Amino acid sequence: MVAYWRSLSSREQGLLLMLGVVAAATAFYFLLVRPVQAWQSEAETRLTLAKSDYALVATAAAAPRGSSGAKNPSQPLRPLIISSAARSNVTLNSINSINDQRVRVTISETEADAVFAWLAQLKNQQGVRAITADVARLESDATTVQATLTLEGQG
């Protein structure tokens, strides 16, 4: 190998060294930097969800004994909707509070199964029901929907 290297001109040696540096930098980026960035992004997402869950728990803990958090009319519905949608992979475009126990939610390009499972979970676990729903299938994908919902907590 040394004999082959010495047989190359200095220009060829320089080009091969440059190629080695580029290959090493590319390998470093794709094998180390990108995975670390992906892990960091995922950790930030989990932190955001944990903070919203903590806010819900803190609100529920502050509620008087004997009342469930979902049926407490003084508990805002908005944080509950945001955190449960994130856990259920439902993409919220907007959420507007109508009052403490009623919100209007706009959902964009989300799997229909995820939306309906989320609504069932809200009703069964939190006592939140949809009082109006406008759901439309996307033309490009029959399993994906957009929706505008009015959700109401029990109070």
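Residues numbered from 1 in each chain as written. Predicted model: local features only at pLDDT ≥ 70, side-chain atom pairs only at ≥ 80, totals over all residues. Heavy atoms only, no water.

Before going further, it helps to examine the pattern of salt bridges. Counted according to the given criterion, the structure contains three salt bridges. Among the salt bridges present, the one from Arg46 reaches Glu42, with a minimum N-O distance of 3.0 Å. On the criterion of helical spacing, the pair formed by Arg46 and Glu42 is a turn pair, its members being four residues apart in helix α2 (residues 10-62). (Salt bridge = Lys/Arg side-chain N within 4 Å of Asp/Glu carboxyl O. Helix = DSSP H or I, 4+ residues; strand = E, 2+ residues; numbered from the N terminus.)

With 91% of its residues at a pLDDT of at least 70, the protein chain reaches an overall mean of 85. Here strand β1 (residues 92-99) stands out as the least confident element of the protein chain, with mean pLDDT 86; helix α1 (residues 2-7) is the most confident, with 92. Every residue in residues 66-74 is under pLDDT 50, and counting partners more than four places away or in other chains gives 15 contacts. (pLDDT = per-residue confidence, 0-100. Contact = heavy atoms within 4.5 Å.)

Moving on, we get to the nonpolar core. Counting 21 residues, the largest nonpolar core has Ile81, Val105, Ile107, Trp118 and Leu151 as its most contacted members. Among the secondary structure elements, those contributing two or more residues to this core are α3 (77-87), β2 (102-111), α4 (112-126) and β4 (144-152). The dominant element in this core, judged by the number of residues it contributes, is α4, at six residues. The contacts of Ile81, once residues within four sequence positions are left out, are Leu92, Ile95, Val103, Val105, Trp118, Leu122, Val128 and Leu151. (Core = buried A, V, L, I, M, F, W, Y, C linked by side-chain atoms within 4.5 Å. Buried < 20%, exposed > 50% of the residue type's maximum accessible area, 1.4 Å probe, protein only.)

What follows is about the sheet that holds strand β3 (residues 129-137). Here we have four strands laid out as an open sheet, ordered β1-β2-β4-β3, and antiparallel in their pairing. The outermost strands of the open sheet, each flanked by one partner alone, are β1 and β3. Across the sheet, the mean angle separating the axes of adjacent strands is 15° when strand polarity is ignored. One ladder, built from eight bridges, connects β2 with β4; its direction is antiparallel. Looking at the pairing, Val103 lines up with Leu151 of β4. On top of the sheet, α4 reaches β1, β2, β3 and β4; it is set at about 150° to β2, its chief contact. (Pairing = 2+ DSSP bridges. Axes fitted to C-alpha atoms, helices over the stretch in contact; angles between N-to-C directions.)

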